[in-house]
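Residues per chain are reported as follows:
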Amino acid sequence: GNPPKSRACCRPRISTTRPAGHTATSLGLLAALLGGAAGERPRAPESADPVPRIAMANRRRVLTVGDGDMSCSLALARAFGDRLHLLGSTLCSHVELERTYAGAAAISAELSERGARVAHGVDATALEAATLGSSQDHVVFCHPHLGLSDLLSVEEHARRHTALIGHFLASAKSLLAPGGLIHLTLCGNQRASWRVDDHCRRLGLEIVDGRHVAAPPLGGRAGVPVPPQPGWRARKRFRDGSLGSRHALAAYGYEHRRTEGDGDVRSDKSVELVIAEATPTPCAGPRRREDQAVGPQAECCAVSWTGGKDCNLALLAAWRDASLRVAALVVFRPEGAVFRAHPLCLMEAQAASLGLPLLHVVIPRDPPSYKEAYVRGIRRLREQHGVRVLATGDMDLVGTMARNWIEECAEAAGVRAFLPLWQAERASLLRRLLAERFLVFFSCVKSPWFEAGWVGRQLDAAAVYELETLAAQPRAPAAAGSGEQAKPLDLGGERGEYHTMCLDGPLYGRRVAVTLTQPLELQSQPGQREGERWWTLGFAEGSVEAGCAAAADAAAAAAAVAAAATAAAAAAAAAATAAAPTRGSLASSLHRPMSAPASRSRAPPAKEW
């Protein structure tokens, strides 16, 4: 199975042809990331029942590089079925592939039957977006090998493979979709001798995980591969006589040829490195905001605001919608409540940086009707500020609700609800945050999914990868004494598993600066079950700031909102102002609120954003 010597030593471009089986990948890692694959049976001609095709928009784009006899690509296609949009590639031409590997023709035919594609003549060091596509979710290169069997110098061998890895990582990075990952499987001390960490630092990449290739798939969720069929198992045996099932993909036909005679390159000493694009630090200074797309018939829009990732994405969607004119942010808050996961002082700083006023709708304590209190607040937004559309970042129904809460209340108040994230795929929203360069950090996390160390952590590619891994795990154990089992992690945190705050993004005039101290553990909170642990932000007192220029912009924006109201709305506002403001009413809460009480923070170390 070794390539011809002339091909292996051909220069100037680096050859990636190598023996079959040098194409391993960790099935456990891909299973964790390919959420939705577990229940999907791959298309098989002999199956009596038709298998529903998964919509193209929800399929993960996977590119395998230098895949020898293409058995690794076939194993992935069998394991995950239509969940993948799979493209296998090899340096060999079609003729060379079939001449070198006896089973290559049958493998290529089955890949075609399963909807996968095969690309020939693909150089791993010069991956071309025009041919392979520039939005790959996963680029997989397993056991890179130049086939230099006659090269006895260890130093020269390492030098050539160091060049191979460096060029491959640079080339693969250019093909990644937002939040995409590179899977690089190595063995022994190749990570150090081939200087993988140095390449990643130079290219703006980071290694987010490393895992043994024989690790079992994460079970209990849709990310688990389909059960392998008996006829799929790899025929090759290791030199010690054991079946080739040490590698997780061998059960799906991966022809692994690492043998005992190869010493430290046996599959049981292999590791898959998961590599993501490092998130750049945004500029802290002032900058020009993205212009709002406002059409001639645009309706006045306010955005329901908590300061987290979802409302920021909703704001961005409304901002770019020519039928809407975003005029204000609105926070709905119970009277006397202290927001720990979404501090008001941070929301005020966000509004200042965004150049938008932050309006407060205060919900009275123990109102006769909670819904009516919301409806009255939204109606006042319409009457006093001309708001005709209320945008929200809600993604799904919560608890026993039969309809979205904001949509229901807004309709009763004569205002249209705008829900741009409604029932969107959670993973795609996380990738959109990365693509738009939002600077988001975790402001509150809860057990059993998270620990205190997540508070203050940036929501970057590494964090998204870990979230997807957590979401693919079996259901978390129940809280002590609850008598029930917790639900799996919602990737978007829609059930309150975690909360976030945003400090920067495409619409911010400058980054919001804040200094965080050690996280605080909350106890006896509303909704907190026995045995659950919640952690939230600790602030350095007086550390939140957004800049005087941004604050001046927000004041100007507030004046523009008032000027844009209709004559009827202005009259209603005047009447409401003349009347004695009732406790908890909107009229008494449009002032800029006092900062949240100083947190009971411990001593530094502090983290500055």
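Residues numbered from 1 in each chain as written. Predicted model: local features only at pLDDT ≥ 70, side-chain atom pairs only at ≥ 80, totals over all residues. Heavy atoms only, no water.

## Side note on the overall build of the protein chain
Check the secondary structure of the protein chain and you find 17 helices and 18 strands. Considering the protein chain as a whole, with its 609 residues, one finds that 53% of them fall into the buried category. Taken as a whole, the protein chain presents about 25,700 Å² of accessible surface, with 52% of it coming from carbon and sulfur. (Helix = DSSP H or I, 4+ residues; strand = E, 2+ residues; numbered from the N terminus. Buried < 20%, exposed > 50% of the residue type's maximum accessible area, 1.4 Å probe, protein only. Areas by Shrake-Rupley, 256 points an atom, 1.4 Å probe, with all protein chains shown as cover.)

## A few points about the pairing of strand β14 (residues 498–504)
Counting buried positions over the seven residues of β14 gives six, a clear majority of the element. Where strand β13 (residues 439–446) lies against β14, six bridges are found, and the strand directions are antiparallel. Bridged to V445 within β14 is Y498. (Pairing = 2+ DSSP bridges.)

## Considerations on the pattern of salt bridges
If you walk through the whole model with that rule in mind, you get 24 salt bridges. Measuring nitrogen to oxygen at the nearest pair gives 2.7 Å for the salt bridge that ties E468 to R60. On the criterion of sequence distance, the pair formed by E468 in helix α15 (residues 461–471) and R60 in strand β1 (residues 60–65) is long-range, its members being 408 residues apart. A relative accessible area of 6% means that R60 is categorised as buried. Ionic pairing is found between D197 and R191, a salt bridge with its closest N-O pair at 2.8 Å. Residues joined in a network through salt bridges with shared partners are R78, E110 and R114. (Salt bridge = Lys/Arg side-chain N within 4 Å of Asp/Glu carboxyl O.)

## Considering the sheet that holds strand β16 (residues 520–522)
Taken in spatial order, the four strands line up as β14-β13-β17-β16 in an open sheet, and their pairing is antiparallel. Looking at which strands have only one partner, the edges of the open sheet turn out to be β14 and β16. Ignoring which end each strand starts from, the neighbouring axes of this sheet average 30° apart. (Axes fitted to C-alpha atoms, helices over the stretch in contact; angles between N-to-C directions.)

## Some words on the sheet that holds strand β7 (residues 270–277)
Here we have seven strands laid out as an open sheet, ordered β3-β2-β1-β4-β5-β7-β6, and mixed in their pairing. On the outer flanks of this sheet lie β3 (117–120) and β6 (205–212), each paired with one strand and no other. Each neighbouring strand pair of the sheet contributes to a mean axis angle of 20°, computed without reference to strand direction. Relative to β3, strand β2 (residues 84–90) is paired through four bridges, and the arrangement is parallel. Looking at β3, one finds that G88 is bridged to V118. Those strands touched by helix α3 (residues 71–80) are β1 and β2, and its axis lies near 170° from that of β2. (Contact = heavy atoms within 4.5 Å.)

## A short note on helix α10 (residues 309–319)
The α-helix winds at 3.6 residues per turn, so residues separated by three or four positions along the chain end up facing the same way. When you tally the buried positions in α10, you get 10 out of 11 residues, the bulk of the element. For α10, the complete set of buried residues consists of K309, D310, C311, N312, L313, A314, L315, L316, A318 and W319.

## Let's talk about the confidence of the model for the protein chain
Regions with low pLDDT should not have their predicted coordinates read in detail. Mean pLDDT over the protein chain stands at 75; residues scoring 70 or higher make up 69%. In the model, residues 1–57 has pLDDT below 50 throughout and makes 189 contacts with residues more than four positions away in sequence or in other chains. Here residues 216–222 scores under 50 on pLDDT; set against residues more than four positions off or in separate chains, the count is 27 contacts. (pLDDT = per-residue confidence, 0-100.)

## A look at unusual backbone geometry
With omega at 10°, the peptide bond leading from S447 into P448 counts as cis. As for its placement among the helices and strands, P448 is situated in the loop between β13 and α15. Of note, M70 is a non-glycine position whose phi angle comes to about 70°, a positive value. Counting through the fold element by element, M70 comes out in the loop between β1 and α3. The backbone of R195 sits at a positive phi, close to 55°, despite the residue not being glycine. Topologically, R195 is positioned in the loop between α8 (190–193) and α9 (196–203).

## Quick notes on the packing of aromatic side chains
Using the criterion set out here, one finds 11 aromatic pairs in the structure. Geometrically, the ring pair formed by F442 and Y498 is tilted, given 5.3 Å between the ring centres and 55° between the ring planes. Here the residue F442 occupies a position in strand β13, and Y498 occupies one in strand β14, the gap between them amounting to 56 residues. Here the two residues F442 and Y498 agree in accessibility, since each one is buried. Between F450 and W454, the aromatic rings sit 5.0 Å apart at their centres with planes inclined by 70°, giving edge-to-face as the arrangement. Of the two residues, F450 and W454, both sit in the buried class. Through a chain of ring-to-ring contacts, the aromatic side chains of F332, Y370, Y374 and W405 assemble into a single cluster. Cation over ring: K446 sits above W534, and NZ or CZ is 3.9 Å from the ring centre. The ring of W454 has R457 lying over it, and the distance from NZ or CZ to the ring centre is 4.4 Å. (Phe/Tyr/Trp six-rings, centres within 6.5 Å; stacked < 30°, edge-to-face > 60°. Lys NZ or Arg CZ within 6 Å of the ring centre and 35° of its normal.)

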